[in-house]
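Architecture and fold: a report
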Amino acid sequence: MATDVLGAPSARAGVKVRSELMEQRVRAARLFLIPMLVALAVVAGWPLLRSIYFSFTDASLSNLEAAQWYGFGNYLRWQVLESGNVRYRGLLVDQAWWNAVWNTVRFAFVSVFFEAVLGMMVALVLNAEFKGRGLVRAAILVPWAIPTIVSAKMWGWMLNDQFGIINDLGMRLGLLSQKVAWTASADTAMTAVLIVDIWKTTPFMALLTLAGLQMIPKDIYEAAEIDGVHPVKQFFKITLPLVRPALMVAIIFRLLDALRIFDLIYVLTPNSAATKTMSVLARENLFDFDKFAYGSAMSTLLFLIIAALTILYIWLGQVRFDGGDR
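All of these numbers come straight from a predicted model, not from anything done at the bench.

1. So, the packing of helix α9 (residues 231-259) against helix α12 (residues 292-317)
- Direction vectors running N to C along α9 and α12 enclose 170°, while the axes themselves pass 10 Å from each other. On the basis of their axis angle, the class for α9 and α12 is roughly antiparallel. The handedness of the crossing between α9 and α12 comes out as right-handed. For the pair formed by α9 and α12, the contact residues are R244, M248, I251, I252, L256 and L259 on the first element and L302, I306, L309, T310, Y313, I314 and G317 on the second.
- Across the contact of α9 with α12, the residue classes tally to 10 nonpolar, two polar and one charged.

Okay, structure coming up:
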């Protein structure tokens, strides 16, 4: 009894010390975050707010300071004709814009799906024990390490219909009856872009998935083998559920990157309506066509679409960024 009485104040003192230590850590974390938040506000927040503002004006690239308030005219406006018909104009009824939205969403979901599947397969291979595993892990990252511009130019030469190695191999192996203009044809342009992007970004998905695989305790698999669980069943019952949090976070990072794709499309298929994405179309209106206000409206809608899809994915996928599930 005496021990309990004497131990109670000591326990309370220990809890108080831990509480004070946690408060100090929280204050220190906030202080360290302040410079990052300020830099983020200056580099990202201010330009975003300016773009949203310009989307409600008649701004021109040659004279931004003279921009006048235009309201929602860049997004949607209408005119009643003498015949009584109503003519709608603006971004929300622009066929070129909605074609770019469809191209972007299709590219993002198809590329991320294949990159997640192939990345999982590569990660499973790299997670196995074999001779030379370190060298293979380094080699698999080469496509991801190459700058996107360099990759696009390299694949542009390889896919060329006159002297590209892809057509040459296809003709030699009998897979092609004639040379194909992969990046110039509307039928094959998106496929070519997807191939290049999947080739380049699969190592990124494999790397993040491999990190999740290495966090799984080995004794779980040892117990499953002792119980005679088939390797395929081990994957679906053990590996996939345990690696799911890391995989979901990897997918959301890759999805954000794919939805704002610009450089690969701009270099590989710069003027193809079959591959033109929201970022490419916004850049054309901002700088090439001198429709700065209209391009700003496109940039604003691009931001809103990406934000909406990301929130929807986090909600449906129950993604947590602390490494767990909801």
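2. Considerations on the packing of aromatic side chains
- A full pass over the atoms with the stated rule returns 14 aromatic pairs.
- Between F262 and Y266 the ring centres are 5.1 Å apart and the planes differ by 15°, which places this aromatic pair in the stacked class.
- According to the relative accessible area criterion, Y266 is partly exposed, its value standing at 31%.
- Here the aromatic cluster, defined as three or more aromatic residues joined through ring pairs, consists of Y53, F54, F56, W69, F72, Y75 and F292.

3. Considerations on the packing of helix α2 (residues 95-127) against helix α7 (residues 189-213)
- Running from amino to carboxyl end, α2 crosses α7 at an angle of 45°, the nearest separation of the two axes being 6 Å. It follows from the interaxial angle that α2 and α7 lie oblique. Like other packed secondary-structure pairs, α2 and α7 cross with a definite hand, here right-handed.
- Within the contact of α2 with α7, the residues separate by chemical class into 18 nonpolar, seven polar and three charged.

4. As for the layout of surface pockets
- Counted as a void, the largest pocket has a volume near 320 Å³.
- R260, S279, S299, L302 and F303 are, among the 13 residues lining the largest pocket, the residues nearest its centre.
- Classifying every residue of the lining of the largest pocket by side-chain character gives eight nonpolar, four polar and one charged.

5. Remarks on the pairing of strand β2 (residues 86-89)
- One ladder, built from four bridges, connects strand β1 (residues 77-80) with β2; its direction is antiparallel. Its bridge partner lying in β2, V80 is registered against V86.
- Here β1 hands over to β2 after five residues, with G84 in that stretch at a positive phi of 100°.

6. Re the pattern of salt bridges
- With the rule as written, the count across this model stands at eight salt bridges.
- Between R254 and D257 there is a salt bridge, with the nearest N and O atoms lying 2.9 Å from each other. Placement of the pair is R254 and D257 together in helix α9, with a separation of three residues, close to one helical turn.
- Taking relative accessible area as the criterion, R254 reaches 2% and is therefore assigned buried.
- Residue D257 is classed as partly exposed on the basis of its relative accessible area of 34%.

7. Considerations on the nonpolar core
- Of all hydrophobic cores here, the largest spans 58 residues; its most connected members are L91, W97, F107, I251, L264, M278 and M298.
- Contributing elements (two or more residues each) for this core: α2, α5 (148-158), α7, α8 (218-226), α9, α10 (263-268), α11 (278-288) and α12.
- For L91, the contacting residues outside a window of four places in its chain are N74, Y75, W97, W98, Y294, A297, M298 and L301.
- Counting six residues, the second largest nonpolar core, distinct from the first, contains A59, L286, F292 and A293.

8. Quick look at unusual backbone geometry
- In this model, D290 sits at a positive phi of 55°, which is unusual for a non-glycine residue.
- Inspection of the secondary structure puts D290 in the loop between α11 and α12.
- Judged by its relative accessible area of 34%, D290 falls in the partly exposed class.

Conventions and cut-offs
Residues numbered from 1 in each chain as written. Predicted model: local features only at pLDDT ≥ 70, side-chain atom pairs only at ≥ 80, totals over all residues. Heavy atoms only, no water. Axes fitted to C-alpha atoms, helices over the stretch in contact; angles between N-to-C directions. Helix = DSSP H or I, 4+ residues; strand = E, 2+ residues; numbered from the N terminus. Parallel < 35°, antiparallel > 145°, perpendicular 65-115°, else oblique. Left-handed = near helix turned anticlockwise from the far one by under 90°. Contact = heavy atoms within 4.5 Å. Nonpolar A, V, L, I, M, F, W, Y, C, P; charged D, E, K, R; others polar. Phe/Tyr/Trp six-rings, centres within 6.5 Å; stacked < 30°, edge-to-face > 60°. Buried < 20%, exposed > 50% of the residue type's maximum accessible area, 1.4 Å probe, protein only. 1 Å grid on protein atoms, 1.4 Å probe; cavity = no way out; pocket = protein on both sides within 12 Å on 5 of 7 lines; lining within 4 Å. Points joined across faces, edges and corners; volume = space filled by probe spheres on them. Pairing = 2+ DSSP bridges. Salt bridge = Lys/Arg side-chain N within 4 Å of Asp/Glu carboxyl O. Core = buried A, V, L, I, M, F, W, Y, C linked by side-chain atoms within 4.5 Å.

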